[in-house]
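Each chain is listed here by its residues.
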Amino acid sequence: MTSLFEYAPAPESRSIVDIRPSYGLFVDGEFVDGTGTPLKTVNPATEEVLSEVATGSEEDVDRAVRAARRAFVKTWGPMRPADRGKYLFRIARLLQERAREFAVLETLDNGKPIRESRDVDVPLAAAHFFYHAGWADKLEHAGLGPAPCPLGVAGQVIPWNFPLLMLAWKVAPALATGNTVVLKPAETTPLTALLFAEICQQADLPPGVVNIVTGAGETGRAVISHPDVDKVAFTGSTEVGRSIARAVAGTEKRLTLELGGKAANIVFDDAPIDQAVEGIVRGIFFNQGHVCCAGSRLLVQESVHDEVVASLQRRIGTLRVGDPMDKNTDLGAINSAEQLARIRELTAFGETEGATCWQPDGDLPDRGFWFKPTVFTDVSPAHRIARDEVFGPVLSVMTFRTPDEAVAKANNTTYGLSAGIWSEKGSRILKVTDQLRAGVVWANTFNEFDPTSPFGGYKQSGYGREGGRQGLAAYLRSDS
Amino acid sequence: MSDRLTVRKTYKLYLGGAFPRSESGRTYEVHDTRGHFLANAAWASRKDGRDAVVAARAAFGKWSGATAYNRGQVLYRVAEVMEGRAAQFTEEVAAGEGLSTAKARAAVDAAIDRWVWYAGWTDKLAAVLGSTNPVAGPYFGFSVPEPTGVVAVLAPQRSSLLGLVSVLAPVLAAGNTAVVVSSKERPLPAITLGEVLATSDVPGGVVNLLTGDAAEIGPWLAEHADVDAIDLAGAPAPLAMELERSAAGTIKRVLRAATDEPDWTADPGLSRLRPFLETKSVWHPIGV
Amino acid sequence: MTHVLDPNALADTSGGTGTLPDPFADVTRSNDAFRAFLHGLPGVDQVGAEARAKVLGTRSIKTTAKAWALDTAISMVDLTTLEGSDTPGKVRALAAKARRPDPTDPSCPAVAAVCVYGDLAGVAKEALAGTGINVAAVATAFPSGRASREVKLADVRDAVANGADEIDMVIDRGAFLTGRYLDVFEEIVAVKEACGSAHLKVILETGELVTLDAVRRASWLAMLAGGDFIKTSTGKVSPAATLPVCLVMLEAVRDFRAATGRQVGVKPAGGIRTTKDAVKHLVLINETVGADWLSPDWFRFGASSLLNDLLLQRQKLRTGHYSGPDHVSVD
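Residues numbered from 1 in each chain as written. Chains lettered and ligands numbered in written order. Predicted model: local features only at pLDDT ≥ 70, side-chain atom pairs only at ≥ 80, totals over all residues.

## Overview of the overall build of chain B
Here's step 1: What chain B contains, in helices and strands, is 9 helices and 10 strands.
Here's step 2: Compactness check: chain B gives a C-alpha radius of gyration of 19 Å against a globular reference of 19 Å for 288 residues, within 12% of the reference.
Here's step 3: If one aligns the C-alpha atoms of chain B with their principal axes, the spans along those axes are about 80 × 40 × 35 Å.
Here's step 4: Split into buried and exposed, the 288 residues of chain B put 54% on the buried side. (Helix = DSSP H or I, 4+ residues; strand = E, 2+ residues; numbered from the N terminus. Rg over C-alpha atoms; globule rule 2.2 N^0.38 Å. Buried ≥ 20, exposed ≤ 12 C-beta atoms within 10 Å, placed from the backbone.)

As structure tokens, then:
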């Protein structure tokens, strides 16, 4: 934006974290070799190989599930609930103590800006453990009957967009409710989960309570289809969610799915425009748009369309795209070459379908996977960029004239994860909130998360909730 | 006994607030447990299922948007009208399920009481299942339960009225609309219930009752993109698995069937309400 | 709803007083019209504005960027003394500091202005003669503004006569809070006229306006009335300058220029004591309104102790080791 006040590079130090040349699986409290072909995990900002990580085969998964079952039967299940809670409190504290390490490692492995991993991912992950720790000995007050019981072994498969935070969303409630866990991190972002394994060791968590089996899709399939897994929890694409629901059909396994989204962010003409613009930016460019609840469809009231788009473009012009390790970076790297290809493919559709593409000036780094913040205007609800989840920093702008039209357009999607509303009129906010078919509605804010606030989708964005009292139900059996 | 020749009832479908025959023109014979002919029931087709989904979707906005108090009163009204029809229900249940009149009457009473119980839930759900969320920031956060949408219900095969009411009433109390496939061999109380619904302020389309074969219509409902959830109560194991697999294609909420038909007189708690409720979490800043 | 980026939305051909930028000529035709206009400005969500300011506050400004920021901040300081105990001697000492903030380092820039009460403006003027450093004087019954308009205008004329280059006036917050916007407006217009060629900074006293909606409205009111700068606070009321308030005022000057073509400066005053605070403000400018405001002509810090902290940081950057309070002068 200006050449007068150029921020000098302010890189976070990488030396705070020790990345080992290779990692095994974390099974029964120890790191063990995997029997599959190891995979390499790269820094998406530089394409540098960070480490080699084991791939869990079906036997490895079986070993992990057996360890989890043993722990469920022998240690974790029979443990005094208050003690389970204390272990979780320990984990929360350890995460806080080593927050900087986790933030650096997350940014290196994922490509997200250090400011976000430092200020959002890691503190929220610790908060999830802290919150759920307190539940461990209060489950009879959770509204699930007088004596809710854990399900047993939870098989959990998580995505690459918030590797540690999604781990926390899965592991914390599972453990608090007395279940044990076999977790499969995403293939491109396994490192913070493996550092979390060290936290489990430091916390003296009994062996087998948390098992981490790295690998790709095959490993995930082995986890969810293992016959001794009682509960499957998955966060990821709707496509994979369908196949998991199919695989689980006809079994006794309980299932929760947190899948894709195509959230509408609705800006009424009486909105606080400057904050709405911030919210739009936060909605779609937070974490490079690799967010299932990203506000990827901007619905602006026609009377303020030009003003909002002009303000938005000016604001996007100030976004700092580049080295994720720089503390001043706003937009980091796309997580993988595959994801970058998908974003390119969908945005190419946008242009051929007749939408107008806008990107700010500026260069992208030569190496690594990058995509500029992108705004499509003149988008029709029929365009693919208005319907398909891009999972990248790409915003589609559409207009509406009346609240009814806004609601109809917002709900016109197969997804239903989240939505945003911007208006200074309270009764309108409540009315529209009521009409939106989405699991999270942010009014005059966007992309806020908290362990006390249940999160999850309507429609094909999945089922089940994570967080809050409601989130406990996914991991408990109850009579009521 | 009078020697008057009775006027028999034609049992039809209950669809969109009307009582049409199956679009297929098909009927099937319904017998009592000793094999005596009772009636010809409409044999619903997949297209009837499709029409029922359209009707249920159309009715969803108004039903889910009604106040919980209003929904509660409407559902209570259903129980009132059921009470007036108790004799007819008793006769149908006795014949269809092979029960003594006393036992059939007990089942009918339990069904009516179950309906009343659910009618009283409508305006409690938000308080019991919702929350205010003490988030760590200057935001007011709250979560409310909301109906899932259009629910396909495969009603129990054995318990033709109490079972049916036990699966249908919670779907309605939660604010959903329903497409119900009745017990195949014991469909008559379902249609009488339809007549009750039609005369008790339940808007047309909120409940659509199809008599026929769950195995025939179920797969179409399980795959239907505009059905949000499916209750497999009346589906036998192999069919249930197939339907659950089909339902995965559109990420439907699936309420699995128990391995054997449960004792419907047991207190159901929230077990049949939760599966058809979504939680919506709302955030708003707190500032001046 | 007023679309402030689109001046034509409010353009009126009937013209207006000479001080009004054209597109808004009509909005002060009556208090009701003015009220409708000010209340039609887009609202400010406090939580969102605070969150934005907080994120900008996390910018990491290091090495060359920090060196530039330190010198720029020093050059933007209105070195201020506004005590009942002020004397000519105190003002002369301050003036000396203003000319050469760091006597050990001639490369250290001078500050922008010395800010005093009107009766001492003459002393300051004399002490700063030939330096290019301006004399700013507070006026209009500073800090409360509770006096008749005649007294306030006399106060202004006196300060100008004593040599003030800049007048820092206070608005009538009582009138503003009771909705007598036109009274506030007319008083600023009158003060502006009394200023003659002196630049007018309009103090909104945001700590008494409380809400950010009121800050935005008061900013627009002051700009429409002809203020050359809008200033947060007198320094006598807490809270004084805060980042969210400054953010909203920067957005106001940005939108006002887009609508009218006229650029207005911003001066946070009071409560900015550390280099960190000052740098956060520079980041706020940089990412809200851009480089056009990154100069003492368009941005000032009303401060006293801030200067010493800037100097300490500057010494640290130059020498590579931490400095101490005895290495800068006590004022």
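Picking up where we left off.
## Let's talk about the environment of Glu187(A)
All names here are of chain A.
Here's step 1: Position of Glu187 relative to the elements: it lies in the loop between strand S8 (180–184) and helix H6 (191–202).
Here's step 2: Here Glu187 falls in the partly exposed class, since 19 other C-beta atoms lie within 10 Å of it.
Here's step 3: When the C-alpha atoms of Glu187 and Ile158 are compared, they prove to be 9.6 Å apart, with 29 residues separating the residues in sequence.
Here's step 4: Not counting the four nearest positions on each side in its chain, Glu187 is found in contact with Leu39, Gly215 and Ala216. (Contact = placed C-beta atoms within 7 Å.)

## A short note on the interface of chain C and chain A
Here's step 1: If you look at the interface, chain C gives 28 residues, while chain A gives 26 residues.
Here's step 2: Among the elements of the structure, helix H2 (46–56), helix H3 (63–75) and helix H12 (275–288) of chain C are those that each provide at least two residues to the side of chain C that touches chain A.
Here's step 3: Of the residues belonging to the side of chain C that touches chain A, the class tally is 12 nonpolar, 9 polar and 7 charged. (Nonpolar A, V, L, I, M, F, W, Y, C, P; charged D, E, K, R; others polar.)

## Section: the sheet that holds strand S5 (residues 150–154) of chain B
All names here are of chain B.
Here's step 1: Strand order in the open sheet made by the 5 strands is S7-S6-S5-S8-S9, with parallel pairing throughout. A single partner strand is all that each edge strand has here, and the edge strands are strand S7 (207–210) and strand S9 (253–255). In this sheet, adjacent strand axes meet at a mean angle of 15° when their direction is disregarded.
Here's step 2: Relative to strand S6 (residues 177–181), S5 is paired through 5 bridges, and the arrangement is parallel. Each residue of the ladder has a partner; that of Leu154, found in S6, is Val181.
Here's step 3: The sheet strands contacting helix H7 (residues 188–198) are S6 and S7, and the helix crosses S7 at an angle near 155°. (Pairing = 2+ DSSP bridges. Axes fitted to C-alpha atoms, helices over the stretch in contact; angles between N-to-C directions.)

## Side note on helix H1 (residues 58–76) of chain A
Here's step 1: What H1(A) keeps buried is the set Asp60(A), Val61(A), Arg63(A), Ala64(A), Val65(A), Ala67(A), Ala68(A), Ala71(A), Phe72(A) and Trp76(A).
Here's step 2: On its buried face, H1(A) sits against strand S2 (25–27), helix H2 (81–97), strand S7 (153–157), S8, strand S9 (210–212) and helix H7 (217–225) of chain A.

## Describing the interface of chain B and chain A
Here's step 1: Chain B puts 29 residues into the contact, and the matching count from chain A is 37 residues.
Here's step 2: Sorting the residues of the side of chain B that touches chain A by element identifies strand S3 (131–133), strand S4 (139–147), helix H9 (237–248) and strand S10 (277–285) of chain B as the ones contributing at least two each.
Here's step 3: With 8 residues, the single largest contributor to the side of chain B that touches chain A is S10(B).
Here's step 4: When grouped by side-chain class, the residues that make up the side of chain B that touches chain A number 12 nonpolar, 12 polar and 5 charged.
Here's step 5: With 3 bridges joining them, strand S18 (residues 440–443) of chain A and S10(B) adopt parallel strand pairing. Its bridge partner lying in S10(B), Val441(A) is registered against Val282(B).

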